[in-house]
Every structure is written in C-alpha cells, then in structure tokens.
Amino acid sequence: MGPIDYVVVEFPGNRMTGEGFPLLVDLVDRGVIRILDLLFVRKDKDGSVVGMEIADFDGDGALDLAVFEGVSSGLLGEDDIEEAGRALEPGNSAGILVYENVWAAPFATALRRGGAQMVASGRIPVPAVLAALEEADAG
C-alpha cells in the first residue's frame, strides 16, 4: 500500500461548485490515488456539525459524485468528523477526503525490500513554498 493522506477542504457559505471533482475522478482513473473515504459535513450557525448527502452541485440533474457514493473504508470516525468541524467556520461546509497515494506503493515496496524504512514524513504548505520562491526571486 502507498502512503495514506487526508485533506479537509472548506467551502465558505456551503458553496460547492463541483469544479474540482472531474480532476479527482481523473486522479483515480489514472491510478495516481485511491479514495478510501469521502465525506461531507456542514457546520451550522449554532456550531453543530452534521453530515451531508452526496449532491448535484452544478444543478444539471446528475449526481456529480455518484462515482464515490458509498465510498467508506471505515477509517473516518465520529471523532474525525468532530475535529474537521472544529476547523470550520459556522455556516460553512467541508469535504473530508482520505486517499492512498497509489503511485508510491511500488516505490515504497522496493525500498522496504532493500531494508529501508521511513523515518520522517511531512508536507510543506503551499503558501510557505510560494513565499520562499518569491523571496528567492527577489534576492
């Protein structure tokens, strides 16, 4: 198996356009990632967090995420939903995506066969990378 990551994407004002979903489907179709969990939540004005059904975001009569309906590995629990809810502003919604980096599985397997082991991992936030690149260009 490849590394497992998650993202929580907030949609201000519960406005989900569905514009990114074809790109997500493309990543799955090309074998770059495998979606393990996809869940949507909404944080109401009173601070309560509720699950949301997969929906027709662009209003064309077809479910934009029907391909992901029922995707659930069981990795996400109620505590994860509550944690995601704490990160949201009231009146907003979010998608919680848990995915396997399928592209990395053969690489990781080869390293393990050679006796290597992962000793650190992390992610550099995009704004930090952009700031560093701008600073390098200015210097």
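Every chain begins its residue count from 1, and numbering advances along the sequence as written. A pLDDT threshold of at least 70 governs which residues receive local features in this predicted model, and a stricter bar of 80 or more applies before side-chain atom pairs are shown or counted, although totals over entire chains, interfaces and linings include all residues. Computation of side-chain values covers all heavy atoms of the structure but excludes hydrogens and water.

Another point: the pairing of strand E2 (residues 34–43). Note on exposure labels: buried denotes an accessible area under 20% of the residue type's maximum, exposed denotes more than 50%, and partly exposed covers the range between, all computed with a 1.4 Å probe on protein chains only. Each helix corresponds to a stretch of at least 4 residues labelled H or I by DSSP, and each strand to a stretch of at least 2 residues labelled E; elements are numbered beginning at the N terminus. Among the 10 residues that make up E2, seven are buried, leaving the element largely enclosed by the rest of the structure. Between E2 and strand E3 (residues 49–52), which pair antiparallel in sequence order, lie five residues; one of them, Gly-47, sits at a positive phi of approximately 95°. Only strands joined by at least two bridges in the DSSP assignment are considered to pair.

Another point: the pattern of salt bridges. Within this document, salt bridges are pairs made up of a side-chain nitrogen of Lys or Arg and a carboxyl oxygen of Asp or Glu, the two lying within 4 Å of each other. Enumeration over the complete set of coordinates arrives at four salt bridges. Between Arg-123 and Asp-5 there is a salt bridge, and its shortest N-O distance comes to 3.0 Å. With Arg-123 in the loop between helix H3 (105–113) and helix H4 (126–138) and Asp-5 in strand E1 (residues 4–11), this pair connects stretches of sequence that are 118 residues apart. Of the residues examined, Arg-123 reaches a relative accessible area of 57% and is grouped as exposed. Between Arg-42 and Asp-44 there is a salt bridge, and its shortest N-O distance comes to 2.7 Å. With a relative accessible area of 23%, Asp-44 lands in the partly exposed category.

Once that is clear, we can look at the packing of aromatic side chains. By convention here, two paired aromatic rings are described through the distance between centres and the angle between planes. Pairs were defined over the aromatic rings of Phe, Tyr and Trp, the Trp ring being its six-membered one, requiring ring centres within 6.5 Å. Orientation was assigned from the angle between planes: stacked under 30 degrees, edge-to-face over 60, tilted for the rest. Applying the stated criterion across every chain, the model contains one aromatic pair. The interplanar angle of 80° and the centroid separation of 6.3 Å between the aromatic rings of Phe-21 and Phe-40 together place this pair among those described as edge-to-face. Here Phe-21 is found in helix H1 (residues 21–29), whereas its partner Phe-40 is found in strand E2, with 19 residues between them in sequence. Look at Phe-40 and you get buried, because its relative accessible area is 3%.

The next subject is the sheet that holds E3. Read from one edge to the other, the open sheet built from four strands follows the order E1-E4-E2-E3, with strand pairing classed as antiparallel. Each end of this open sheet is capped by a strand with a single partner; those strands are E1 and E3. Strand-to-strand twist of the sheet, defined as the mean angle between neighbouring strand axes without regard to direction, takes the value 25°. Note: E2 against strand E4 (residues 93–100), eight bridges, orientation antiparallel. Residue pairing across strands places Leu-39 opposite Ile-96, the latter belonging to E4. In the packing of helix H2 (residues 78–87) onto the sheet, contacts are made with E1, E2, E3 and E4, and the angle to E2 comes to roughly 55°. A fitted line through C-alpha atoms represents every axis, and for helices the fit uses only the stretch in contact; the resulting angles, taken between N-to-C directions, go from 0 to 180 degrees. Working rule for contacts: check all heavy atoms of both residues, and any pair within 4.5 Å makes them a contact.

Let us look at a negative patch on the surface. Patch rule: a residue counts if its relative accessible area is over 30% and it has no salt bridge; like charges are joined within 9 Å, and nonpolar side chains (Val, Leu, Ile, Met, Phe, Trp, Tyr) within 5 Å. Only the protein chains shown count as cover for residues, and the accessible areas themselves come from Shrake-Rupley with a 1.4 Å probe. In this tally Asp and Glu are treated as negative and Lys and Arg as positive; neither His nor the chain ends contributes. Charge placement uses NZ in Lys and CZ in Arg. For Asp and Glu, CG and CD serve respectively. Together, Glu-78, Asp-79, Glu-82 and Glu-83 make up a region of like negative charge exposed at the surface. Tracing the backbone shows Glu-78 in helix H2. Judged by relative accessible area, Glu-78 falls into the exposed class, the value being 55%.

Let's shift gears to the nonpolar core. Ranked by size, the top nonpolar core spans 10 residues in total: Phe-11, Met-16, Phe-21, Leu-24, Ile-33, Ile-35, Leu-38, Phe-40, Leu-97 and Tyr-99. For this core, the secondary-structure elements that each account for two or more residues are H1, E2 and E4. Core analysis: the next-biggest nonpolar cluster, separate from the first, contains seven residues, Ile-81, Ala-84, Leu-88 and Ile-96 among them. Here, nonpolar core refers to any group of buried Ala, Val, Leu, Ile, Met, Phe, Trp, Tyr and Cys residues whose side-chain atoms link them within 4.5 Å.

With that settled, consider the side chain of Asn-101. One can find Asn-101 in the loop between E4 and H3. Its relative accessible area of 9% is what places Asn-101 among the buried residues.

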